[in-house]
Amino acid sequence: MAADVLVIGAGVTGMKASLLLALAGRHVHLVENSSVIGGRLIRCEDIFPAMECATCMVSPMQQDVLRNDLINVVTLGDILSIEGSIGDFRIKISKRASCVDPVACIGCAECWNACPVEINNEFEENLSKRKAISVPCAGALPNVPWIDREHCLRWNGDENCSLCAEACVFAAVDYSEEDSQFEITVSDIILSTGFQPSQGEGFEKFQWGICPGVFTASEFERYYSSNGPTSGELVTKDGLKPESAAIIVHPCGTGSYSNINTMYSLKFLHYLNEKLPDIRPVVFLDASYSPDALEDRYHLSWKNVEADVVLYTQTPEVSTVSDGKSLSITCSTAEGNFSAKADLLVLGTSMLPSTGTSKFIELLGIECSDDGFATSPDPELSSVMTTVPGVFAAGCTGGPLDIASSVTEAAAAVGRVLADANRGGK
Ligand SMILES: Cc1cc2nc3c(=O)[nH]c(=O)nc-3n(C[C@H](O)[C@H](O)[C@H](O)COP(=O)(O)OP(=O)(O)OC[C@H]3O[C@@H](n4cnc5c(N)ncnc54)[C@H](O)[C@@H]3O)c2cc1C
Ligand code: SF4
Ligand code: SF4
């Protein structure tokens, strides 16, 4: 019988790879660090380029993964060690206790409504609060909460708190559940640990954290989302309706520009046009990424947008105006200086390797690019290969990619795994 395969990270790439491997009859261990599957895609409302509803796209895939008998989904999972080589990798995995029985739980929310602990919700870019027992957002799958022991009162000085268990009529909360560990042997490993957006660092000079109208791209995505902190209402962080809006496309903090910046900025224009139709947004685009400079399909799309596109030759300067609520944005262009006022400003966010991607690159000794993503020894012929035989890097583990390209890479990695098995009889 063909050996098992390990897929690390259950974003769109890891889910697609797991489903394809299962289709080929391979048993898969899909290990996901968080409590839910879907990765960064489930933070989006709509998906560029077709502006498809993200939930409609991802939900059937999540259901297929969770129901597939050949896919062992391990949420709250951590890879402790990887030994061996292609055909015989030995892996130690730990699973953090969720303290909630997934069979008994129906996701009714009574437990987290009863919990008195409020902490920043990292899934919502810290724009809202979550409880010590929680799911990250409405509609998350599996729709089963977990107890975060770092913040739960029972593990922090009040062992008598049992409000969540008392609220659960299905008796699904079980404080006695312990973390567990197990070992597996697999022939190949697909890394699909993805990216994290640049966050905070270097954004202050664009008034992020100072003026309530300034958002990173990831924050803005959540503000627009119908299951986000404002249920999709586009207001500033202090709840005011903006009368003017701007986007700076190029990354404003650390990290470098990728096509994704262009893609999501175009998407945000759709968001702004739809929710704030009286506003004509101003888009600040680096002149070297102008439609005339780059003739790819995304850059050419700038020619048809409902916005004023300003091609700047020097990074825009942003300052808060006297009322503290709105911004003045100035820049130089080929025609001279330009300035605009905005109550709402979205800053370009770059894509950096996730901590998981950095961890496995280091643990396995995989070669990486200057910006820390896994590199292939043969990028022209197989972008998903790594310098370690039997380990493949798909999707955003190898650099910033859109969803279509991530899914293509998932298929490419699965193809390599199946080809390895045929060649070596594993
Ligand atoms: C603001 C923004 C908007 C975007 N909008 C679009 C769009 O409209 N259309 C489009 O095509 N693309 C868009 N993208 C890009 C899109 O998000 C990516 O293409 C997609 O998320 C890549 O999927 P992935 O599975 O490779 O990585 P991810 O989505 O990052 O998933 C990685 C998974 O691995 C898990 N993981 C990480 N570390 C570990 C670990 N140590 N152990 C186990 N699991 C781990 C994570 O929890 C996560 O579930 C956007 C990106 C940004 C930043
Ligand atoms: S643990 Fe109980 S109360 Fe909480 S969501 Fe599940 S069924 Fe509802
Ligand atoms: S035991 Fe108390 S603090 Fe802990 S999750 Fe339940 S309600 Fe919250």
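Our structure's up above, just so we're on the same page.
Caption draft 1: Here's a closer look at the side chain of Gln207. Examined against the element boundaries, Gln207 turns out to sit in the loop between β13 (195-197) and β14 (214-216). The class for Gln207 is buried, based on a relative accessible area of 13%. A polar contact is formed between the side chain of Gln207 and the backbone oxygen of Val318, at a distance of 3.4 Å. Setting aside residues no more than four positions away along its own chain, Gln207 makes contact with Val214, Val318, Ser319, Thr320 and Leu327.

Caption draft 2: Molecular detail of the site of ligand 1. Among the 31 residues in the neighbourhood of ligand 1, the closest are listed as Thr13, Glu32, Phe48, Lys267 and Leu401. The contact in question runs from an oxygen atom of ligand 1 to an N or O atom on the side chain of Thr13, over 2.7 Å. A distance of 2.6 Å is found between an oxygen atom of ligand 1 and a backbone nitrogen or oxygen belonging to Leu401. Notes on ligand 1: free accessible area 1,000 Å², of which the protein chains cover 93%. Those elements that place two or more of their residues in the shell around ligand 1 are α1 (12-23), β3 (46-47), α6 (259-275), α8 (355-364) and α9 (403-424). The greatest single-element share of the shell around ligand 1, amounting to 4 residues, is contributed by α6. Its residues assigned to classes, the shell around ligand 1 shows 14 nonpolar, 11 polar and 6 charged. Each of domain 1 (4-96 + 179-196 + 352-424) and domain 3 (199-349) contributes no fewer than three residues to the shell around ligand 1.

Caption draft 3: Broad picture of the pattern of salt bridges. The tally for this structure, following the rule as stated, stands at 14 salt bridges. With its nearest N and O atoms 3.5 Å apart, the salt bridge here joins Arg43 to Glu125. With Arg43 in the loop between β2 (28-31) and β3 and Glu125 in the loop between β8 (118-120) and β9 (129-131), the pair connects residues that are 82 residues apart, well separated along the chain. Grouping residues by exposure puts Arg43 and Glu125 together as buried. One salt bridge in this structure joins Glu221 and Lys267, with 2.9 Å as the shortest N-O distance. Note that Glu221 is positioned in helix α5 (residues 217-224) and Lys267 in helix α6, a separation of 46 residues in sequence. The class for Lys267 is buried, based on a relative accessible area of 5%. Among the charged side chains, a salt-bridge network with shared partners connects Arg40, Arg43 and Glu125.

Caption draft 4: Molecular detail of unusual backbone geometry. Here Phe48 and Pro49 are connected by a cis peptide whose omega angle stands at 10°. Along the chain, the position of Pro49 falls in the loop between β3 and β4 (52-53). Residue Pro142 is reached from Leu141 by a cis peptide bond, and omega for that bond is -5°. By the element assignment, Pro142 lies in the loop between β10 (133-134) and β11 (146-147). Not every positive phi belongs to a glycine, and Cys99 is a case in point at roughly 65°. Considering the arrangement of structural elements, one finds Cys99 in the loop between β7 (88-95) and α3 (110-114). The phi dihedral of Asn126 falls on the positive side, at around 65°, and the residue is not glycine.

Caption draft 5: Molecular detail of α8. Every buried residue of α8 is listed here: Gly356, Thr357, Phe360, Ile361 and Leu364. All buried residues of α8 lie within an arc of 135° about the axis, which places them on one face of the element. For α8, the exposed residues set more than 90 degrees away from the buried face come down to Thr355 and Glu362. Lining the buried residues of α8 we find β1 (4-8), β6 (77-85), β12 (180-191), β21 (351-353) and β22 (391-393). One or two residues past the end of α8 sits Gly365, with phi positive at roughly 70°.

Caption draft 6: Local environment of the site of ligand 2. Taken together, Val100, Cys105, Ile106, Gly107, Cys108, Ala109, Glu110, Cys111, Trp112, Cys168, Phe170 and Ala172 make up all the residues around ligand 2. With respect to the detected pockets, ligand 2 is housed in the second largest cavity.

Caption draft 7: A look at the sheet that holds strand β15 (residues 245-251). Strand order in the open sheet formed by 7 strands is β14-β20-β15-β16-β17-β18-β19, with mixed pairing between adjacent strands. The open sheet is flanked by β14 and β19 (336-342), the only strands paired with a single partner. The sheet shows a mean angle of 30° between the axes of neighbouring strands, taken without regard to direction. With 6 bridges connecting them, strand β17 (residues 308-320) and strand β18 (residues 327-333) associate as antiparallel partners. In the sheet register, Thr320 faces β18, and the bridge partner there is Leu327. Contacts from α5 reach β14 and β20 (344-348), with the element oriented near 100° to β14. Against the sheet, α6 contacts β15, β16 (282-286) and β20, and its axis sits at roughly 170° relative to β15.

What counts as what
Residues numbered from 1 in each chain as written. Chains lettered and ligands numbered in written order. Predicted model: local features only at pLDDT ≥ 70, side-chain atom pairs only at ≥ 80, totals over all residues. Heavy atoms only, no water. Helix = DSSP H or I, 4+ residues; strand = E, 2+ residues; numbered from the N terminus. Buried < 20%, exposed > 50% of the residue type's maximum accessible area, 1.4 Å probe, protein only. Polar contact = N/O pair within 3.5 Å; in protein donor to acceptor, adjacent residues only side chain to side chain. Contact = heavy atoms within 4.5 Å. Near = heavy atom within 4 Å. Areas by Shrake-Rupley, 256 points an atom, 1.4 Å probe, with all protein chains shown as cover. Nonpolar A, V, L, I, M, F, W, Y, C, P; charged D, E, K, R; others polar. Domains from an automatic or database assignment. Salt bridge = Lys/Arg side-chain N within 4 Å of Asp/Glu carboxyl O. Arc of directions from axis to C-beta. 1 Å grid on protein atoms, 1.4 Å probe; cavity = no way out; pocket = protein on both sides within 12 Å on 5 of 7 lines; lining within 4 Å. Sits in = over half its atoms within 2 Å of the grid points. Pairing = 2+ DSSP bridges. Axes fitted to C-alpha atoms, helices over the stretch in contact; angles between N-to-C directions.

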